[in-house]
Amino acid sequence: MKKLKNILSGITVLQLKGSLDVSIGRINFDSRKIANGDLFIAVKGTQTDGHTYIEKAIEKGAKVIVCQELPAHLDESIIYCLVADSAFALGVIAHNYYDRPSEKIKLVGVTGTNGKTTVATLLYQLFEGLGYYSGLVSTVQNKIGDRIIPSTHTTPDPISLNDLLHDMVENGCDYCFMEVSSHAIVQKRISGLKFTGGLFTNISHDHLDFHLTFDNYIKAKKLFFDTLPKNAFALTNIDDRNGMVMLQNTKAYKKTYGLKSLADYNAQIIESHFSGMLLNINKEEVWVKLVGEFNAHNILAVYSTAMLLDQDSKKVLTVLSRLKGAEGRFETMISKNGKVAIVDYAHTPDALENVLLTIRQLRMNEVQIITVVGCGGDRDKSKRAVMAKVAVGLSDKVILTSDNPRSEDPLLILKDMEEGISFDMRRKSFTISDRREAIRAACHLAQEGDIILVAGKGHETYQEIKGVKHPFDDREVLKETFKEQ
(Lines give C-alpha, C1' and ligand atoms only; values in the text may rest on other atoms or scores of the structure.)
Protein backbone atom coordinates (compact mmCIF):
# COMPACT_ATOMS: atom_id res chain seq x y z
CA MET A 1 0.00 0.00 0.00
CA LYS A 2 1.24 3.50 -0.87
CA LYS A 3 0.30 6.85 0.65
CA LEU A 4 -1.59 9.09 -1.78
CA LYS A 5 0.33 12.22 -0.71
CA ASN A 6 3.61 10.50 -1.66
CA ILE A 7 2.29 9.23 -4.98
CA LEU A 8 1.20 12.77 -5.94
CA SER A 9 4.60 14.30 -5.10
CA GLY A 10 5.66 16.72 -7.84
CA ILE A 11 2.13 17.21 -9.18
CA THR A 12 0.14 20.38 -8.71
CA VAL A 13 -3.34 19.40 -7.52
CA LEU A 14 -5.71 22.15 -8.67
CA GLN A 15 -8.63 20.90 -6.64
CA LEU A 16 -8.91 18.17 -4.01
CA LYS A 17 -12.11 16.46 -2.88
CA GLY A 18 -11.12 14.32 0.10
CA SER A 19 -7.91 13.61 2.00
CA LEU A 20 -4.36 12.93 0.75
CA ASP A 21 -3.60 10.97 3.89
CA VAL A 22 -4.92 7.65 2.64
CA SER A 23 -3.31 4.48 1.30
CA ILE A 24 -4.11 3.00 -2.09
CA GLY A 25 -3.59 -0.38 -3.67
CA ARG A 26 -2.50 -0.16 -7.28
CA ILE A 27 -2.55 2.55 -9.95
CA ASN A 28 -4.10 2.19 -13.39
CA PHE A 29 -5.43 4.16 -16.36
CA ASP A 30 -7.43 1.19 -17.67
CA SER A 31 -10.76 0.93 -15.85
CA ARG A 32 -11.01 -2.78 -16.72
CA LYS A 33 -7.98 -3.52 -14.53
CA ILE A 34 -9.17 -1.59 -11.47
CA ALA A 35 -9.60 -3.50 -8.20
CA ASN A 36 -10.87 -2.46 -4.77
CA GLY A 37 -8.83 0.36 -3.22
CA ASP A 38 -7.04 1.36 -6.44
CA LEU A 39 -6.24 4.78 -7.95
CA PHE A 40 -7.61 5.48 -11.44
CA ILE A 41 -6.05 8.12 -13.69
CA ALA A 42 -8.42 9.36 -16.41
CA VAL A 43 -6.32 10.15 -19.48
CA LYS A 44 -7.53 11.67 -22.74
CA GLY A 45 -6.06 9.37 -25.40
CA THR A 46 -6.03 9.45 -29.20
CA GLN A 47 -8.75 6.78 -29.41
CA THR A 48 -10.71 7.07 -26.14
CA ASP A 49 -11.13 9.48 -23.23
CA GLY A 50 -10.54 7.91 -19.83
CA HIS A 51 -12.89 10.43 -18.24
CA THR A 52 -15.84 8.51 -19.72
CA TYR A 53 -14.77 5.46 -17.67
CA ILE A 54 -14.58 7.15 -14.25
CA GLU A 55 -17.95 5.76 -13.16
CA LYS A 56 -16.96 2.25 -14.28
CA ALA A 57 -13.65 2.53 -12.37
CA ILE A 58 -15.57 3.51 -9.22
CA GLU A 59 -17.95 0.58 -9.70
CA LYS A 60 -14.92 -1.73 -9.83
CA GLY A 61 -13.57 -0.35 -6.53
CA ALA A 62 -11.43 2.70 -7.30
CA LYS A 63 -11.26 4.99 -4.29
CA VAL A 64 -9.10 7.76 -5.81
CA ILE A 65 -9.74 9.44 -9.16
CA VAL A 66 -7.09 11.65 -10.80
CA CYS A 67 -8.53 13.65 -13.69
CA GLN A 68 -8.33 16.93 -15.58
CA GLU A 69 -12.11 17.34 -15.69
CA LEU A 70 -14.24 16.62 -12.62
CA PRO A 71 -17.38 14.54 -13.25
CA ALA A 72 -20.72 16.31 -12.99
CA HIS A 73 -21.70 14.01 -10.11
CA LEU A 74 -19.17 13.50 -7.29
CA ASP A 75 -19.40 10.46 -5.04
CA GLU A 76 -18.74 11.55 -1.45
CA SER A 77 -16.94 8.29 -0.66
CA ILE A 78 -14.39 8.90 -3.44
CA ILE A 79 -11.28 11.14 -3.40
CA TYR A 80 -11.00 13.32 -6.51
CA CYS A 81 -7.75 15.05 -7.54
CA LEU A 82 -8.08 17.61 -10.33
CA VAL A 83 -4.86 18.21 -12.30
CA ALA A 84 -4.03 20.33 -15.33
CA ASP A 85 -2.75 17.42 -17.44
CA SER A 86 -3.61 13.86 -16.46
CA ALA A 87 -1.27 12.33 -19.10
CA PHE A 88 1.68 14.15 -17.50
CA ALA A 89 0.38 13.25 -14.04
CA LEU A 90 0.22 9.56 -15.02
CA GLY A 91 3.97 9.47 -15.70
CA VAL A 92 4.86 11.23 -12.45
CA ILE A 93 2.43 9.09 -10.43
CA ALA A 94 3.87 5.90 -11.96
CA HIS A 95 7.41 7.06 -11.21
CA ASN A 96 6.50 7.83 -7.58
CA TYR A 97 4.52 4.61 -7.16
CA TYR A 98 7.51 2.49 -8.21
CA ASP A 99 9.89 4.38 -5.87
CA ARG A 100 11.41 6.68 -8.52
CA PRO A 101 13.47 3.97 -10.28
CA SER A 102 15.12 6.24 -12.87
CA GLU A 103 16.92 8.05 -10.04
CA LYS A 104 18.55 4.75 -8.99
CA ILE A 105 19.85 3.71 -12.41
CA LYS A 106 21.69 5.50 -15.23
CA LEU A 107 18.96 5.89 -17.84
CA VAL A 108 19.95 6.84 -21.40
CA GLY A 109 17.28 7.64 -24.00
CA VAL A 110 17.77 7.17 -27.75
CA THR A 111 15.51 9.04 -30.17
CA GLY A 112 15.42 9.58 -33.94
CA THR A 113 13.65 8.20 -37.00
CA ASN A 114 16.13 5.44 -37.84
CA GLY A 115 18.78 3.66 -35.79
CA LYS A 116 17.08 3.79 -32.38
CA THR A 117 16.85 0.02 -31.99
CA THR A 118 20.39 -0.63 -33.24
CA VAL A 119 21.93 2.06 -31.03
CA ALA A 120 20.01 1.06 -27.89
CA THR A 121 20.75 -2.64 -28.47
CA LEU A 122 24.45 -2.04 -29.11
CA LEU A 123 24.69 0.12 -25.98
CA TYR A 124 23.08 -2.65 -23.95
CA GLN A 125 25.43 -5.26 -25.44
CA LEU A 126 28.46 -3.00 -24.97
CA PHE A 127 27.83 -2.29 -21.30
CA GLU A 128 27.06 -5.94 -20.62
CA GLY A 129 30.39 -6.72 -22.33
CA LEU A 130 32.12 -4.13 -20.15
CA GLY A 131 30.87 -5.99 -17.08
CA TYR A 132 27.84 -3.89 -16.11
CA TYR A 133 24.46 -5.45 -15.41
CA SER A 134 22.21 -3.59 -17.85
CA GLY A 135 18.63 -3.17 -19.02
CA LEU A 136 17.17 -2.56 -22.47
CA VAL A 137 13.84 -1.06 -23.57
CA SER A 138 13.44 -1.47 -27.33
CA THR A 139 11.12 -2.18 -30.23
CA VAL A 140 12.42 -5.73 -30.58
CA GLN A 141 12.54 -6.77 -26.92
CA ASN A 142 13.06 -5.56 -23.37
CA LYS A 143 15.85 -7.12 -21.32
CA ILE A 144 16.99 -7.22 -17.71
CA GLY A 145 20.43 -8.74 -17.88
CA ASP A 146 19.88 -11.98 -19.83
CA ARG A 147 16.15 -12.13 -19.09
CA ILE A 148 13.99 -11.28 -22.09
CA ILE A 149 10.65 -9.53 -21.63
CA PRO A 150 8.45 -9.30 -24.76
CA SER A 151 8.03 -5.83 -26.22
CA THR A 152 4.67 -4.49 -27.39
CA HIS A 153 5.59 -0.83 -28.03
CA THR A 154 8.80 1.03 -28.82
CA THR A 155 8.28 2.92 -25.55
CA PRO A 156 5.83 1.28 -23.08
CA ASP A 157 3.05 3.10 -21.25
CA PRO A 158 4.21 4.92 -18.06
CA ILE A 159 3.03 2.25 -15.62
CA SER A 160 4.59 -0.64 -17.54
CA LEU A 161 7.75 1.39 -18.10
CA ASN A 162 8.25 2.34 -14.45
CA ASP A 163 7.42 -1.21 -13.37
CA LEU A 164 10.13 -2.44 -15.78
CA LEU A 165 12.67 0.13 -14.53
CA HIS A 166 11.85 -0.80 -10.93
CA ASP A 167 12.47 -4.45 -11.81
CA MET A 168 15.86 -3.44 -13.28
CA VAL A 169 16.78 -1.59 -10.09
CA GLU A 170 15.67 -4.51 -7.90
CA ASN A 171 17.84 -6.84 -9.98
CA GLY A 172 20.92 -4.62 -9.64
CA CYS A 173 21.12 -3.04 -13.10
CA ASP A 174 23.64 -0.20 -13.38
CA TYR A 175 22.36 1.15 -16.71
CA CYS A 176 19.24 1.14 -18.85
CA PHE A 177 19.28 2.01 -22.55
CA MET A 178 15.89 2.94 -23.89
CA GLU A 179 14.31 3.83 -27.22
CA VAL A 180 12.24 7.00 -26.92
CA SER A 181 9.63 7.31 -29.67
CA SER A 182 8.10 10.60 -30.79
CA HIS A 183 4.66 9.24 -29.84
CA ALA A 184 5.90 8.56 -26.31
CA ILE A 185 7.32 12.09 -26.00
CA VAL A 186 4.11 13.80 -27.14
CA GLN A 187 1.89 11.45 -25.12
CA LYS A 188 4.07 12.15 -22.03
CA ARG A 189 4.87 8.48 -21.40
CA ILE A 190 8.33 9.54 -20.17
CA SER A 191 7.15 12.31 -17.83
CA GLY A 192 8.65 12.01 -14.36
CA LEU A 193 11.72 10.07 -15.54
CA LYS A 194 15.23 11.33 -14.81
CA PHE A 195 17.57 10.73 -17.76
CA THR A 196 21.35 10.57 -17.38
CA GLY A 197 21.60 11.42 -21.07
CA GLY A 198 19.82 11.51 -24.40
CA LEU A 199 21.07 10.98 -27.92
CA PHE A 200 19.67 11.81 -31.35
CA THR A 201 20.31 9.61 -34.40
CA ASN A 202 18.58 11.35 -37.33
CA ILE A 203 15.20 12.52 -38.54
CA SER A 204 13.35 11.97 -41.81
CA HIS A 205 9.69 11.84 -42.89
CA ASP A 206 7.73 9.31 -40.82
CA HIS A 207 4.68 9.15 -38.54
CA LEU A 208 3.02 12.11 -40.28
CA ASP A 209 -0.29 10.30 -39.78
CA PHE A 210 0.18 11.12 -36.08
CA HIS A 211 2.18 14.37 -36.10
CA LEU A 212 0.48 15.77 -39.27
CA THR A 213 3.48 17.91 -40.29
CA PHE A 214 7.24 17.32 -40.42
CA ASP A 215 7.73 20.42 -38.28
CA ASN A 216 5.56 18.91 -35.53
CA TYR A 217 7.59 15.70 -35.77
CA ILE A 218 10.86 17.63 -35.32
CA LYS A 219 9.39 19.51 -32.36
CA ALA A 220 8.34 16.21 -30.76
CA LYS A 221 11.92 14.88 -30.91
CA LYS A 222 13.31 18.21 -29.71
CA LEU A 223 10.97 18.23 -26.70
CA PHE A 224 12.87 15.25 -25.28
CA PHE A 225 16.10 17.30 -25.22
CA ASP A 226 14.31 20.42 -23.98
CA THR A 227 13.35 18.56 -20.81
CA LEU A 228 16.72 16.97 -20.01
CA PRO A 229 18.22 18.21 -16.71
CA LYS A 230 21.41 20.28 -16.66
CA ASN A 231 23.50 17.44 -15.20
CA ALA A 232 22.56 15.14 -18.12
CA PHE A 233 24.26 14.99 -21.53
CA ALA A 234 22.61 15.71 -24.89
CA LEU A 235 24.40 14.03 -27.80
CA THR A 236 23.42 14.75 -31.40
CA ASN A 237 24.32 13.66 -34.92
CA ILE A 238 25.85 16.81 -36.42
CA ASP A 239 25.63 15.34 -39.94
CA ASP A 240 21.84 15.44 -39.81
CA ARG A 241 20.54 18.81 -40.96
CA ASN A 242 18.24 18.98 -37.91
CA GLY A 243 20.83 17.61 -35.50
CA MET A 244 21.75 20.92 -33.92
CA VAL A 245 18.06 21.91 -33.65
CA MET A 246 17.77 19.26 -30.93
CA LEU A 247 20.26 21.13 -28.74
CA GLN A 248 18.85 24.65 -29.13
CA ASN A 249 16.99 24.84 -25.82
CA THR A 250 18.43 22.02 -23.78
CA LYS A 251 19.92 22.65 -20.34
CA ALA A 252 21.98 19.47 -20.69
CA TYR A 253 25.68 19.16 -21.49
CA LYS A 254 25.91 19.41 -25.33
CA LYS A 255 28.05 17.05 -27.43
CA THR A 256 28.15 16.10 -31.13
CA TYR A 257 29.24 13.17 -33.28
CA GLY A 258 29.64 12.87 -37.06
CA LEU A 259 31.35 11.34 -40.06
CA LYS A 260 31.27 14.34 -42.38
CA SER A 261 31.45 17.39 -40.10
CA LEU A 262 33.88 18.40 -37.39
CA ALA A 263 32.41 17.14 -34.12
CA ASP A 264 33.39 16.21 -30.57
CA TYR A 265 33.50 12.58 -31.74
CA ASN A 266 34.44 11.74 -35.33
CA ALA A 267 34.80 8.59 -37.40
CA GLN A 268 35.77 7.59 -40.94
CA ILE A 269 35.07 4.41 -42.90
CA ILE A 270 38.37 2.96 -44.09
CA GLU A 271 37.13 -0.33 -45.60
CA SER A 272 33.66 -1.81 -46.05
CA HIS A 273 32.61 -5.40 -46.88
CA PHE A 274 29.49 -7.54 -46.40
CA SER A 275 31.18 -9.06 -43.34
CA GLY A 276 31.85 -5.71 -41.67
CA MET A 277 33.88 -2.52 -41.92
CA LEU A 278 37.07 -0.96 -40.66
CA LEU A 279 36.48 2.38 -38.90
CA ASN A 280 38.77 5.06 -37.59
CA ILE A 281 37.11 6.44 -34.45
CA ASN A 282 38.87 9.38 -32.84
CA LYS A 283 42.20 8.21 -34.37
CA GLU A 284 41.77 4.59 -33.25
CA GLU A 285 41.09 1.81 -35.80
CA VAL A 286 38.44 -0.82 -35.07
CA TRP A 287 36.85 -3.60 -37.15
CA VAL A 288 33.10 -3.94 -36.56
CA LYS A 289 30.61 -6.55 -37.79
CA LEU A 290 28.08 -4.02 -39.05
CA VAL A 291 28.14 -2.41 -42.50
CA GLY A 292 27.05 0.83 -44.13
CA GLU A 293 27.45 4.52 -43.45
CA PHE A 294 24.24 4.52 -41.39
CA ASN A 295 25.77 1.87 -39.13
CA ALA A 296 29.02 3.84 -38.90
CA HIS A 297 26.88 6.63 -37.46
CA ASN A 298 25.23 4.13 -35.10
CA ILE A 299 28.58 2.73 -33.91
CA LEU A 300 29.94 6.25 -33.41
CA ALA A 301 26.84 7.22 -31.41
CA VAL A 302 27.41 4.21 -29.15
CA TYR A 303 31.12 5.00 -28.72
CA SER A 304 30.36 8.67 -27.97
CA THR A 305 27.75 7.71 -25.37
CA ALA A 306 30.22 5.37 -23.69
CA MET A 307 32.78 8.18 -23.49
CA LEU A 308 30.17 10.48 -21.93
CA LEU A 309 29.51 7.71 -19.40
CA ASP A 310 33.23 7.75 -18.46
CA GLN A 311 34.24 4.44 -20.00
CA ASP A 312 37.75 3.51 -21.16
CA SER A 313 38.17 4.07 -24.92
CA LYS A 314 40.31 1.00 -25.66
CA LYS A 315 38.01 -1.33 -23.71
CA VAL A 316 34.98 0.12 -25.49
CA LEU A 317 36.52 -0.38 -28.95
CA THR A 318 37.53 -3.95 -28.06
CA VAL A 319 33.99 -4.88 -27.04
CA LEU A 320 32.45 -3.01 -30.01
CA SER A 321 34.50 -5.15 -32.41
CA ARG A 322 32.70 -8.26 -31.13
CA LEU A 323 29.11 -6.99 -31.26
CA LYS A 324 26.37 -7.81 -33.74
CA GLY A 325 23.55 -5.50 -34.78
CA ALA A 326 19.95 -5.67 -33.64
CA GLU A 327 17.76 -8.50 -34.88
CA GLY A 328 16.28 -7.86 -38.33
CA ARG A 329 18.65 -5.00 -39.11
CA PHE A 330 20.74 -5.76 -42.23
CA GLU A 331 20.49 -9.44 -41.32
CA THR A 332 22.26 -11.45 -44.03
CA MET A 333 21.91 -15.03 -45.26
CA ILE A 334 23.46 -16.80 -48.27
CA SER A 335 21.95 -19.69 -50.20
CA LYS A 336 23.97 -22.77 -51.15
CA ASN A 337 24.03 -21.52 -54.77
CA GLY A 338 25.42 -18.11 -53.79
CA LYS A 339 22.36 -15.87 -53.64
CA VAL A 340 22.56 -13.21 -50.93
CA ALA A 341 19.46 -12.18 -48.97
CA ILE A 342 19.26 -9.22 -46.60
CA VAL A 343 16.35 -8.66 -44.22
CA ASP A 344 16.05 -5.12 -42.91
CA TYR A 345 13.44 -3.21 -40.90
CA ALA A 346 13.77 -0.20 -43.27
CA HIS A 347 10.23 1.17 -43.39
CA THR A 348 10.91 4.83 -44.17
CA PRO A 349 12.20 6.32 -47.45
CA ASP A 350 15.43 7.45 -45.76
CA ALA A 351 16.13 4.06 -44.17
CA LEU A 352 15.40 2.22 -47.42
CA GLU A 353 17.69 4.57 -49.34
CA ASN A 354 20.50 4.08 -46.80
CA VAL A 355 20.27 0.29 -47.01
CA LEU A 356 20.14 0.23 -50.81
CA LEU A 357 23.06 2.66 -51.16
CA THR A 358 25.08 0.45 -48.82
CA ILE A 359 24.24 -2.64 -50.88
CA ARG A 360 25.22 -0.83 -54.10
CA GLN A 361 28.57 0.14 -52.59
CA LEU A 362 29.26 -3.42 -51.43
CA ARG A 363 28.11 -5.43 -54.46
CA MET A 364 30.71 -6.96 -56.75
CA ASN A 365 30.61 -7.26 -60.56
CA GLU A 366 27.36 -5.31 -60.89
CA VAL A 367 25.19 -8.21 -59.71
CA GLN A 368 21.43 -7.59 -59.57
CA ILE A 369 19.71 -6.02 -56.58
CA ILE A 370 16.14 -7.32 -56.22
CA THR A 371 14.07 -5.46 -53.63
CA VAL A 372 10.87 -6.70 -51.99
CA VAL A 373 9.09 -3.86 -50.20
CA GLY A 374 5.67 -2.78 -48.94
CA CYS A 375 4.13 -0.16 -46.67
CA GLY A 376 2.08 -0.59 -43.51
CA GLY A 377 -1.61 0.21 -43.36
CA ASP A 378 -3.17 2.82 -41.03
CA ARG A 379 0.11 4.73 -41.06
CA ASP A 380 1.70 7.68 -42.87
CA LYS A 381 0.31 7.48 -46.42
CA SER A 382 2.55 10.25 -47.72
CA LYS A 383 5.61 8.01 -47.71
CA ARG A 384 4.15 5.19 -49.83
CA ALA A 385 4.87 6.63 -53.28
CA VAL A 386 8.28 7.85 -52.07
CA MET A 387 9.22 4.37 -50.80
CA ALA A 388 8.42 2.86 -54.21
CA LYS A 389 10.33 5.62 -56.02
CA VAL A 390 13.43 5.04 -53.86
CA ALA A 391 13.23 1.28 -54.39
CA VAL A 392 13.02 1.41 -58.21
CA GLY A 393 15.67 4.12 -58.39
CA LEU A 394 18.28 2.08 -56.54
CA SER A 395 17.33 -1.52 -57.48
CA ASP A 396 17.47 -3.57 -60.67
CA LYS A 397 14.12 -5.19 -59.97
CA VAL A 398 11.42 -4.33 -57.43
CA ILE A 399 8.51 -6.42 -56.18
CA LEU A 400 5.90 -4.34 -54.40
CA THR A 401 4.05 -6.38 -51.79
CA SER A 402 1.98 -6.27 -48.63
CA ASP A 403 3.56 -5.30 -45.29
CA ASN A 404 1.19 -5.07 -42.28
CA PRO A 405 -1.99 -3.85 -44.01
CA ARG A 406 -3.81 -3.72 -40.65
CA SER A 407 -7.37 -2.48 -41.36
CA GLU A 408 -6.63 -1.24 -44.92
CA ASP A 409 -7.08 -3.06 -48.22
CA PRO A 410 -3.56 -4.24 -49.26
CA LEU A 411 -4.33 -3.57 -52.93
CA LEU A 412 -5.14 0.09 -52.21
CA ILE A 413 -1.86 0.48 -50.30
CA LEU A 414 0.00 -0.99 -53.28
CA LYS A 415 -1.86 1.37 -55.62
CA ASP A 416 -0.60 4.30 -53.51
CA MET A 417 2.95 2.94 -53.83
CA GLU A 418 2.67 2.44 -57.61
CA GLU A 419 1.97 6.16 -58.04
CA GLY A 420 5.61 6.81 -57.12
CA ILE A 421 6.92 4.85 -60.09
CA SER A 422 7.31 6.79 -63.34
CA PHE A 423 6.20 5.23 -66.63
CA ASP A 424 9.74 4.53 -67.87
CA MET A 425 10.66 2.78 -64.58
CA ARG A 426 7.64 0.46 -64.52
CA ARG A 427 9.52 -2.18 -66.53
CA LYS A 428 11.70 -2.71 -63.42
CA SER A 429 8.80 -3.39 -61.06
CA PHE A 430 5.77 -5.61 -60.58
CA THR A 431 3.30 -6.26 -57.78
CA ILE A 432 2.58 -9.44 -55.83
CA SER A 433 0.30 -8.67 -52.90
CA ASP A 434 0.97 -11.96 -51.06
CA ARG A 435 4.22 -11.31 -49.17
CA ARG A 436 5.27 -14.96 -49.03
CA GLU A 437 4.85 -15.32 -52.78
CA ALA A 438 6.68 -12.02 -53.37
CA ILE A 439 9.71 -13.21 -51.41
CA ARG A 440 9.65 -16.58 -53.16
CA ALA A 441 9.45 -14.86 -56.55
CA ALA A 442 12.49 -12.71 -55.71
CA CYS A 443 14.46 -15.83 -54.76
CA HIS A 444 13.55 -17.52 -58.05
CA LEU A 445 14.43 -14.41 -60.07
CA ALA A 446 17.86 -14.13 -58.44
CA GLN A 447 20.93 -15.68 -60.00
CA GLU A 448 24.20 -16.65 -58.31
CA GLY A 449 25.67 -13.59 -56.52
CA ASP A 450 22.50 -11.51 -56.82
CA ILE A 451 21.30 -9.64 -53.74
CA ILE A 452 17.72 -9.82 -52.48
CA LEU A 453 16.63 -7.10 -50.06
CA VAL A 454 13.44 -7.84 -48.11
CA ALA A 455 12.56 -4.55 -46.44
CA GLY A 456 10.03 -3.24 -43.96
CA LYS A 457 9.37 -5.90 -41.32
CA GLY A 458 12.82 -6.94 -40.10
CA HIS A 459 12.53 -8.67 -36.73
CA GLU A 460 8.73 -8.98 -36.81
CA THR A 461 7.33 -12.51 -36.65
CA TYR A 462 3.77 -11.68 -37.68
CA GLN A 463 1.72 -10.01 -40.37
CA GLU A 464 -1.24 -7.96 -39.17
CA ILE A 465 -4.31 -8.26 -41.39
CA LYS A 466 -7.77 -6.97 -40.38
CA GLY A 467 -6.76 -6.73 -36.72
CA VAL A 468 -5.35 -10.27 -36.57
CA LYS A 469 -1.63 -11.02 -36.22
CA HIS A 470 -0.79 -14.05 -38.36
CA PRO A 471 2.58 -15.82 -37.85
CA PHE A 472 4.99 -14.59 -40.52
CA ASP A 473 8.75 -14.13 -40.61
CA ASP A 474 10.60 -12.87 -43.70
CA ARG A 475 13.72 -14.77 -42.60
CA GLU A 476 11.90 -18.09 -42.33
CA VAL A 477 10.36 -17.68 -45.80
CA LEU A 478 13.83 -17.00 -47.23
CA LYS A 479 15.35 -20.02 -45.47
CA GLU A 480 12.57 -22.32 -46.68
CA THR A 481 12.87 -21.07 -50.27
CA PHE A 482 16.67 -21.33 -50.29
CA LYS A 483 16.42 -24.95 -49.07
CA GLU A 484 14.20 -25.81 -52.06
CA GLN A 485 16.65 -24.36 -54.59
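Look a little higher up for the structure.
As the structure is a computational prediction, the values presented were derived from the model and not from experiment. Residue indices begin from 1 for each chain and proceed along its sequence in written order. Local features in this predicted model are restricted to residues of pLDDT 70 or higher, and side-chain atom pairs are both shown and tallied only at a pLDDT of 80 or more, whereas totals for entire chains, interfaces and linings draw on every residue. With hydrogens and water set aside, each side-chain value is computed from the structure's full complement of heavy atoms.

Ranked by size, the top nonpolar core spans 40 residues in total, and within it Leu126, Ile281, Tyr303 and Leu320 carry the most contacts. To qualify as a helix, a DSSP run of H or I must reach at least 4 residues; to qualify as a strand, a run of E must reach at least 2; elements of each kind are numbered from the N terminus. Ranked by residue count, the leading element in this core is helix 9 (residues 293–308), at nine residues. Any pair of residues with heavy atoms lying within 4.5 Å of one another is described as a contacting pair. Not counting the four nearest positions on each side in its chain, Ile281 is found in contact with Asn266, Ala267, Val286, Ile299, Leu300, Tyr303 and Leu317. Phe330, Ile342, Leu362 and Val390 belong to the second largest nonpolar core, which has 31 residues in total. Buried residues of nine kinds, namely Ala, Val, Leu, Ile, Met, Phe, Trp, Tyr and Cys, make up a nonpolar core once their side-chain atoms join them within 4.5 Å. Accessibility here uses a 1.4 Å probe with only protein chains present; expressed as a share of the type maximum, an area under 20% marks a residue as buried, one over 50% as exposed, and anything in between as partly exposed.

Bringing the pattern of salt bridges into the picture now. Side chains that differ in sign of charge can pair as their charged atoms come close. Throughout this description, the term salt bridge denotes a Lys or Arg side-chain nitrogen within 4 Å of a carboxyl oxygen of Asp or Glu. Under the counting rule described, the total for this entry stands at 26 salt bridges. Notably, a salt bridge pairs Arg26 with Asp38, separated by 3.3 Å at the nearest N-O pair. Here Arg26 is found in the loop between strand 3 (23–24) and strand 4 (27–28), whereas its partner Asp38 is found in the loop between strand 4 and strand 5 (39–41), with twelve residues between them in sequence. The partner of Arg475 in a salt bridge is Glu327, and the shortest N-O contact between them spans 3.0 Å. Placement of the pair is Arg475 in helix 15 (residues 474–484) and Glu327 in the loop between helix 10 (313–320) and strand 19 (331–334), with a sequence separation of 148 residues. Owing to a relative accessible area of 38%, Glu327 belongs among the partly exposed residues under this scheme. Salt bridges sharing partners connect three or more residues here, namely Glu327, Glu331, Asp473 and Arg475.

Take the side chain of His459 next. You can see His459 is positioned in the loop between strand 24 (451–455) and strand 25 (462–465). Polar contact criterion, stated in full: a pair of N or O atoms within 3.5 Å, where within protein one must be able to donate a hydrogen and the other to accept it, and residues adjacent in sequence count only if both atoms are side-chain atoms. At 2.7 Å, the side chain of His459 and the side chain of Arg329 are in polar contact. With residues up to four places along the chain from it excluded, the contact list for His459 reads Thr139, Val140, Glu327, Gly328, Arg329, Tyr345 and Arg475.

This brings us to the packing of aromatic side chains. A pair of Phe, Tyr and Trp rings is counted when the ring centres sit within 6.5 Å of each other, with Trp represented by its six-membered ring. The angle between the planes then sorts it: under 30 degrees is stacked, over 60 is edge-to-face, the rest tilted. Going through the model one piece at a time under the given rule, you end up with ten aromatic pairs. Ring centres 5.0 Å apart and planes at 80° place the aromatic pair Tyr97 and Tyr98 in the edge-to-face group. Its relative accessible area of 13% is what places Tyr97 among the buried residues. Counting every residue linked through ring pairs, the aromatic cluster contains Phe127, Tyr132, Tyr175 and Phe177. Consider the ring centre and the ring normal. A charge sits over the ring if Lys NZ or Arg CZ is within 6 Å of that centre and within 35 degrees of that normal. Here the guanidinium or amino end of Lys2 rests over the ring plane of Tyr97, the centre of that ring lying 5.7 Å away. Just above the ring of Tyr462 sits the side chain of Lys457; from NZ or CZ to the centre is 5.1 Å.

Quick look at the pairing of strand 15 (residues 253–258) now. DSSP-based pairing: two strands are paired if at least 2 bridges between them are found. With five bridges connecting them, strand 14 (residues 233–237) and strand 15 associate as parallel partners. Residue pairing across strands places Ala234 opposite Lys254, the latter belonging to strand 15. Of the pairings in the sheet, the one linking strand 15 to strand 16 (residues 265–273) comprises two bridges and is parallel in character. Of the residues in strand 16, the one forming a bridge with Gly258 is Asn266.

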